[in-house]
Amino acid sequence: MLVPDVVTDMGKVSLTYPTMVDFNLQMNFNPIIERFRLRGSFCLLHWQAKPFGERRWGIYDAGADFYTSLEYRVLQLNVIPQLLQVDETVVKSVPTAVLYFPRSELIKKGHYSIIPIGLLLL
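Residues numbered from 1 in each chain as written. Predicted model: local features only at pLDDT ≥ 70, side-chain atom pairs only at ≥ 80, totals over all residues. Heavy atoms only, no water.

A. Expanded view of the side chain of Asn30. Of note, Asn30 is situated in helix H1 (residues 30–35). Within the structure, Asn30 has its side chain in polar contact with the backbone oxygen of Met10 (distance 3.0 Å). With sequence-adjacent residues up to four places away left out, Asn30 is seen in contact with Met10, Gly11 and Lys12. (Helix = DSSP H or I, 4+ residues; strand = E, 2+ residues; numbered from the N terminus. Polar contact = N/O pair within 3.5 Å; in protein donor to acceptor, adjacent residues only side chain to side chain. Contact = heavy atoms within 4.5 Å.)

B. Fine view of the environment of Trp57. Assignment of secondary structure puts Trp57 in strand S5 (residues 57–61). The exposure class assigned to Trp57 is partly exposed, which follows from its relative accessible area of 29%. Spatially, the C-alpha atom of Trp57 lies 6.8 Å from that of Tyr72, the residues being 15 residues apart in sequence. Aside from chain neighbours lying at most four places away, what touches Trp57 is Leu45, His46, Trp47, Gln48, Thr68, Ser69, Leu70 and Tyr72. (Buried < 20%, exposed > 50% of the residue type's maximum accessible area, 1.4 Å probe, protein only.)

C. Broad picture of the environment of Ile115. Considering the arrangement of structural elements, one finds Ile115 in strand S11 (residues 112–116). C-alpha separation for the pair Ile115 and Arg73, spaced 42 residues apart in sequence, amounts to 16 Å.

D. Inspection of the pairing of S11 at higher detail. Burial within S11 is extensive, with four of its five residues counted as buried. As defined by bridge partners, strand S7 (residues 75–77) adjoins S11 across three bridges and the pair is classed as parallel. From the neighbouring strand, Leu77 faces S11, where its bridge partner is Ile114. The pairing of strand S10 (residues 104–108) with S11 spans five bridges and is classified as antiparallel. Each residue of the ladder has a partner; that of Ile107, found in S11, is Ser113. (Pairing = 2+ DSSP bridges.)

E. Looking closely at the packing of aromatic side chains. The final tally for this structure, using the stated rule, is five aromatic pairs. Judged by centre distance (5.8 Å) and plane angle (45°), the rings of Tyr17 and Phe23 are tilted. Judged by relative accessible area, Tyr17 falls into the buried class, the value being 2%. Ring centres of Phe42 and Tyr100 lie 5.8 Å apart, and the angle between their planes is 65°; on these two criteria the pair is classed as edge-to-face. Here Phe42 is found in strand S4 (residues 42–47), whereas its partner Tyr100 is found in strand S9 (residues 97–102), with 58 residues between them in sequence. Residues Phe42 and Tyr100 agree in their burial class; the two are buried. Among the aromatic side chains, those forming a connected cluster through ring pairs are Phe29, Tyr60 and Tyr67. Of note, Arg35 hangs over the ring of Phe36, and the distance from its end group to the ring centre comes to 4.7 Å. (Phe/Tyr/Trp six-rings, centres within 6.5 Å; stacked < 30°, edge-to-face > 60°. Lys NZ or Arg CZ within 6 Å of the ring centre and 35° of its normal.)

None of the figures reported here should be taken as evidence of function without further support.
Rendered as structure tokens:
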């Protein structure tokens, strides 16, 4: 599994791989955030569009302005998600569909978990 370099900036994410010099995945979660008027702390989970053969689940934690990609086997979901999708004929950025976890945050304690704000996992 390749480890990407990730840069986040207020809902915009750039994902590159050091060994793939021509690859740069630009993601923008802001169209979804604006369309559904998402506020506060929440997480957005999506399936990465690229690169083929290295695609994984991607998680954007809005409260921390943090993004990571990972395999499903190392993710625990402790919040019931809602499905959100924007019209991809209007929105020209990715992602256009996500699982939305309201009032949640992403934590790492040996594995990643999406948990309700304030819940302490032992």
